[in-house]
Each structure stands twice: as C-alpha cells, then as structure tokens.
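So you can see what is in the structure, the chains are spelled out below.
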Amino acid sequence: RTVFVNGEFVPEADARISVFDRGFLFADAVYEVTAVIGGKLVDYAAHQARLRRSLAELDMASPAGDDELLALHRELVRRNGIDLGSVYLQVSRGAADRDFIWPPAETGPGLVLFTQTRASLESPEAERGLRVAVAPDLRWGRRDIKTTQLLYASMAKSQARRDGFDDVWMTENGFVTEGSSNNAYILTQDGTIVTPSLSRSILPGITRSAVLHGAAEAGLAIEERPFTVEEAQGAREAFITSAGAFVTAVVEIDGVRVGDGRPGDLARRLRRVYLDEAM
Ligand code: PDD
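Just so we're clear, the structure is a prediction, and the values are computed from it rather than from any experiment. (Residues numbered from 1 in each chain as written. Predicted model: local features only at pLDDT ≥ 70, side-chain atom pairs only at ≥ 80, totals over all residues.)

**Quick notes on helix α2 (residues 44-57)**
And step 1. Here α2 spans 20 Å end to end across 14 residues, near enough to the 20 Å set by a 1.5 Å rise per residue.
And step 2. For α2, the complete set of buried residues consists of His47, Arg50, Leu51 and Ser54. When α2 is viewed along its axis, its buried side chains cluster within an angular range of 105 degrees and face the same direction. Facing away from the buried side of α2 by over 90 degrees, the exposed positions are Ala45 and Ala56.
And step 3. Against the buried residues of α2 lie β3 (29-37) and α6 (206-217). (Helix = DSSP H or I, 4+ residues; strand = E, 2+ residues; numbered from the N terminus. Expected span 1.5 Å × (residues − 1). Buried ≥ 20, exposed ≤ 12 C-beta atoms within 10 Å, placed from the backbone. Arc of directions from axis to C-beta. Contact = placed C-beta atoms within 7 Å.)

**Some details on the environment of Phe114**
And step 1. Mapped onto the fold, Phe114 is located in strand β6 (residues 110-117).
And step 2. The class of Phe114 is partly exposed, set by 18 C-beta atoms lying within 10 Å.
And step 3. For the pair Phe114 and His73, spaced 41 residues apart in sequence, the C-alpha separation works out to 8.8 Å.
And step 4. Excluding residues that lie within four positions of it along the chain, Phe114 makes contacts with Arg1, Val3 and Tyr88.

**A short note on the pairing of β3**
And step 1. Here β3 pairs with strand β5 (residues 84-92) via nine bridges, running antiparallel. The residue of β5 that forms the bridge with Ile37 is Leu84.
And step 2. For β3 and strand β4 (residues 40-41), the ladder comprises two bridges, and the chain directions are antiparallel. Looking across to β4, one finds that Val36 is bridged to Leu41.
And step 3. Here β3 folds back onto β4 in antiparallel fashion, the turn holding two residues, of which Gly38 has a positive phi close to 60 degrees. (Pairing = 2+ DSSP bridges.)

**A short note on the site of the ligand**
And step 1. Around the ligand, a shell composed of 14 residues is seen, among which Ser181, Gly205, Ile206, Thr207 and Ala243 lie nearest.
And step 2. Only α6 and β13 (237-242) provide two or more residues apiece to the shell around the ligand.
And step 3. It is α6 that contributes the most residues to the shell around the ligand, three residues altogether.
And step 4. For the shell around the ligand, the class distribution of residues is four nonpolar, eight polar and two charged. (Near = placed C-beta within 6 Å. Nonpolar A, V, L, I, M, F, W, Y, C, P; charged D, E, K, R; others polar.)

**Topic: the domain arrangement of the chain**
And step 1. What the domain assignment reports for the chain is domain 1 (2-117) and domain 2 (124-278).
And step 2. For domain 1 and domain 2, the distance between their C-alpha centres works out to 26 Å.
And step 3. Facing 20 residues of domain 1, the contacting portion of domain 2 comprises 12 residues.
And step 4. Secondary-structure elements contributing two or more residues to the side of domain 1 that touches domain 2 are β3, α2 and β5.
And step 5. For the side of domain 1 that touches domain 2, the leading source of residues is β3, giving eight residues.
And step 6. Here the side of domain 1 that touches domain 2 is composed, by residue class, of 10 nonpolar, six polar and four charged. (Domains from an automatic or database assignment.)

Here it is in structure tokens:
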C-alpha cells in the first residue's frame, strides 16, 4: 500500500513519524474516515467541513487547502486501486518537545492519509443485525470533536466483544449517547425515528446527517431527543450509522431482543437507500 505522510506518497513500510509527534504522545490529533464506494468518495464535502471544524475547535493549523486535500484523497484511491473501502486522514499538531502547552503553530501540522479496502458492502453482522452491550460513557466531554483519543471506545468495544456482543452503546445520565464508533437510533412503536440531538456529548455523524435528511424528505417522523436503554429495548427497531457501517440494524440491546430480533424494515430500507445514493 501507498500512504501519504508529511508531504509524500511512500510505500507504507517507508512511512516515518517522529516519536515526538503530538498525535502519538497526547492524542493531539483529529481524523476523518471517508467511505469509498465504486471508487468514489462518499459525502466528501461534509467530511472536509467537519475536519475544518475539528481543527478550529482545537486551534490547530490546517495542513492543506480544500482542493489539495481532495486531490490527495483521490490520488491515494487511484494509487491503491480502491474500489470499495475508505480513506483515513489524520492531522496532528506535529512534533515538538513534550510539553502540555501547545507548541507554536509553526511546528506545523502533521498530515497522514492511508486507505483501507473492504471485501463487500454486505457483512454477516449487518445481515443478522448487531447485538450491543451497554456501558457507561466514560469518554471526555468534547465528543463532538473527532479526535484520535479513542481509548475508552476501544476498551468498551473490546470488553463487549469478550462478553459475546458485537458492539457497545454507551450511556450517560441514563441516556444512550452513541455506539463505540457510530450514532444510535431507535424507531418507536408509533413509527418515529429517535436519535440524540447534536451536542458536545456525541459526534455529529456525516452518515447521520445524510440519513436524517433522506428520512425527512421521505416524510418520516423524526425526533432528536435523548432515549434510554429501556425505551430502546421496547422499540420497534434500533440501528446505527457510520461511514464504516452505513446503516446497520441493532437486534439486541444488553441481552434484550428488539422487535422480533431480526433487522427491521426501516433499517433495511434506510441502508438500501443510503447505499443506492452513494453508488
Ligand atoms: N467513526 N460516533 C463516533 C464516536 C464515531 O467515531 C463515528 C465514526 C460516528 C459516525 O460518524 P460518521 O457517520 O461521520 O462516520 C459516530 C469512524 C467511522 C471511525 O472511527 O472509524
């Protein structure tokens, strides 16, 4: 694989990052994952806009202009022959002597891009629906910024896997925030799509935005408000969205079946519509 590191396309084995890179030492870095379907970047403009926002929130310099970033994405997709997969982009504050105080901006941001391939749009997990565990959300308080500080989400998902679940839904003050790396939704018994409203507690998902937009256009009822694990367990359907999972049904929450325990009609339909539009 070819990767892009600090100004150059290089074979992954030749890529080098300083041990003093603040992304490495402090998770002082932000990232984006953009899906690639049929060789095309899905919803790229929205990912770029969110990246700009993450950088601004952390007072981090921009590594490149918009046109250049898009060109780097396209070039890497081309070089690696990606038909189906994703492009990962990370911007770190760069390398500087280890210090809790942010170094001057002239340290320069570090920019890394690489690609990942996926075998198929479908997966056995998506077809049968996910079984999610429930865990307290112990992440930091600025989850609206897409930083590489992913240790708690990784820990909670790993524990969920060890316990026989596929993923985990996290809760705070009694309400579901989101999945380990996806946004969470339910369909109530009376047919309303419910998902937490945007705040510092969750990431403003690009897939979330696209799916809610499509659902609103189709005339579906949507409420952006908190929901509890109990409400989700008693819902007609549950599902998640992300650039990696697209729309994927959740069929079990903390051991309790949702609906009849199979992917619901709405989740399947939203997934189909989303993928059709992405192609
Ligand atoms: N994760 N919430 C969290 C905590 C996430 O990490 C992600 C994405 C999402 C969904 O956002 P989007 O629809 O823009 O992908 C929600 C990416 C895919 C990842 O970390 O791999």
